[in-house]
Amino acid sequence: MIRIDKNESPYRALTEDEIAKIAIDTQFNQYAENEYQDLQKSYAAFNHLDPELVSFANGSDEWIQKSVVVLGKGPILTFDPDFVMYQVYAEQFGREIVKLPSNEDHTFDYEKVYKKIEELKPSIFIFSQPNNPYGTLHPADFIEKAAEMMKEVGGYFVLDEAYGEFVEETAQYPAGDHVIRFRTLSKVYGLAGLRIGVATSTRKTMELLDSIAHPYPLNTFSLNVAVHLLNQPERLEEFIELNRELSKQLHSVFKEEVGDIIPMLESHTNFLFTYGDDAMDLGNYIVENGFLPRMYPEDESPALKKAVRYSIAKENQLEEIRKIIQKWRDEKWQSRKNG
């Protein structure tokens, strides 16, 4: 079974020889010394950030968990649907979490968001940008206004940008001690298994988040692999572009083959969200033919009950999926339509 359910890159960013050399050169019998600082410098240089305002943890998940611990005691606000770990960590620490449901057309009512911020005065407003699982992008004017409103109520505005590198438009970010951005090396960098999550904010806020940091937040091998990759910016840009092209290919396959019969959302990520009865039928057919997309049979969100989400795959695998879709359309959908 080929997994296309976890929004990973289908390729490793480094060769086997490179990985072997890094493993041999990594002194994992000793604690790390300067490797963490090396990653701060390399990541900041590639992303045009201040290295002193960049910190790393065991994936974005750990940053979400730390936010729940240290960013106030009031309610947490998010969207529904959105990344499930917001709720998981809120429940772990007994925090109230309020979720703003999407409309029936999978959009969000931002006027309701503004009213809820005024009413609830949340300690944290956290959401994925672009949205996971929809893949859609929240508009810039909403980002700006919501951030300002969170400042007014004394809360933190947290942008979870796990798929931010897939957004081709240049984004303008709100500023201030209350604004925090999370990113990850799990998606477009192809390092999901190494668990490297990134947080950046002002010095004051990073000191708060880092106040509960572990002495050695990442293992030395992960640090060395990431530094090796980031220190080759031209090559890394090519790898990022490869992942973006695979995303475009994924979208093209579905739009060209079933865009007229299966609803799907415009995505700014490395996955595609489809929904409806036919989407479920096709999803199950694709599973029968060896690929495993993401479905949500147990999810509480009504928006996900009849949804199937597909992650990118290798070029030849995406073309294989195209053939499976064509076969489904010829066999099952056409016969049901005729019936």
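Right above here is the structure, for reference.
The text that follows walks through the structure, step by step, so that each part is easy to find.

Thresholds applied
Residues numbered from 1 in each chain as written. Predicted model: local features only at pLDDT ≥ 70, side-chain atom pairs only at ≥ 80, totals over all residues. Heavy atoms only, no water. Core = buried A, V, L, I, M, F, W, Y, C linked by side-chain atoms within 4.5 Å. Buried < 20%, exposed > 50% of the residue type's maximum accessible area, 1.4 Å probe, protein only. Helix = DSSP H or I, 4+ residues; strand = E, 2+ residues; numbered from the N terminus. Contact = heavy atoms within 4.5 Å. Expected span 1.5 Å × (residues − 1). Polar contact = N/O pair within 3.5 Å; in protein donor to acceptor, adjacent residues only side chain to side chain. Pairing = 2+ DSSP bridges. Axes fitted to C-alpha atoms, helices over the stretch in contact; angles between N-to-C directions. Patch = residues over 30% accessible without salt bridge, like charges linked within 9 Å, V, L, I, M, F, W, Y side chains within 5 Å. Areas by Shrake-Rupley, 256 points an atom, 1.4 Å probe, with all protein chains shown as cover. Salt bridge = Lys/Arg side-chain N within 4 Å of Asp/Glu carboxyl O. Lys, Arg positive; Asp, Glu negative; His and termini not counted. Charge placed at Lys NZ, Arg CZ, Asp CG, Glu CD.

**Concerning the nonpolar core**
Within the largest apolar cluster, 30 residues are counted, with the highest numbers of intra-cluster contacts made by Leu-39, Tyr-43, Phe-56, Leu-185, Tyr-189 and Leu-230. Mapped by element, the contributors of at least two residues to this core are α2 (35-47), β2 (54-57), α8 (220-230) and α9 (233-258). Once residues within four sequence positions are removed from consideration, Tyr-189 is found in contact with Ala-13, Tyr-43, Phe-46, Asn-47, Glu-165, Thr-184, Leu-229, Leu-230, Leu-236 and Phe-239.

**Brief notes about helix α6 (residues 140-152)**
Between its first and last C-alpha atoms α6 spans 19 Å; for 13 residues at 1.5 Å apiece the expected length is 18 Å, and the two agree. Buried residues belonging to α6 abut β3 (76-80), α5 (110-120), β5 (124-128) and β6 (156-160). The first or second residue beyond α6 is Gly-154, which carries a positive phi of 80°.

**Describing the side chain of Thr-78**
For Thr-78, the position within the fold is in strand β3. For Thr-78, the side chain forms a polar contact with the main-chain oxygen of Ile-126, separated by 2.7 Å. In this view, Thr-78 contacts Tyr-86, Ile-97, Val-98, Lys-99, Leu-100, Phe-125, Ile-126 and Phe-127; residues no more than four positions away in its chain are not counted.

**Here's the deal with the sheet that holds strand β7 (residues 179-184)**
As a general point, the strands of a sheet are linked pairwise by backbone hydrogen bonds and lie either parallel or antiparallel. Taken in spatial order, the seven strands of this open sheet run β2-β8-β7-β6-β5-β3-β4, and their pairing is mixed. Of all the strands in the sheet, the pair left with one neighbour each is β2 and β4 (97-101). Strand-to-strand, the axes of this sheet are offset by a mean angle of 25°, without reference to chain direction. Where β6 and β7 come together, four bridges link them in parallel fashion. Bridge assignment links Val-158 to a residue of β7, and that residue is Ile-180. Across the sheet, helix α4 (residues 85-92) touches β3, β4, β5 and β6, and the angle it forms with β4 is around 160°.

**Considering unusual backbone geometry**
With glycine set apart, most residues show a phi of negative sign, and most peptide bonds adopt trans. Between Asp-80 and the following residue, Pro-81, the backbone shows a cis peptide bond with an omega angle of 5°. With respect to the secondary-structure elements, Pro-81 resides in the loop between β3 and α4. Residue Gln-129 is joined to Pro-130 through a cis peptide bond whose omega torsion reads 0°. Secondary-structure assignment places Pro-130 in the loop between β5 and α6. With a phi angle near 60°, Asn-7 is a residue other than glycine that sits in the positive phi range. As for its position among the elements, Asn-7 is in the loop between β1 (2-3) and α1 (16-25). Of the residues examined, Asn-7 reaches a relative accessible area of 2% and is grouped as buried. Phi at His-48 takes a positive value of approximately 60°, unusual for a residue other than glycine.

**Let's talk about a nonpolar patch on the surface**
A contiguous nonpolar surface patch, about 220 Å² in accessible area, is contributed by Val-69, Phe-93 and Ile-212. Its place among the elements puts Phe-93 in the loop between α4 and β4.

**What about a negative patch on the surface?**
On the surface, Glu-118, Asp-141, Glu-144, Glu-148 and Glu-152 cluster together into a patch of negative charge. Looking at which element gives the most residues to the negative patch, the answer is α6, with four residues. Summarising the element assignment, Glu-148 is placed in helix α6.

**What to know about the sheet that holds strand β11 (residues 294-295)**
Spatial ordering of the open sheet is given by β9-β12-β11, a layout of three strands whose pairing is antiparallel. The sheet is open, and its two borders are formed by β9 (271-275) and β11, each paired with just one other strand. Here α9 sits on the sheet in contact with β9 and β12 (307-311), set at roughly 25° to β9. This element, helix α10 (residues 277-288), spans β9, β11 and β12 of the sheet and lies at about 45° to β12.

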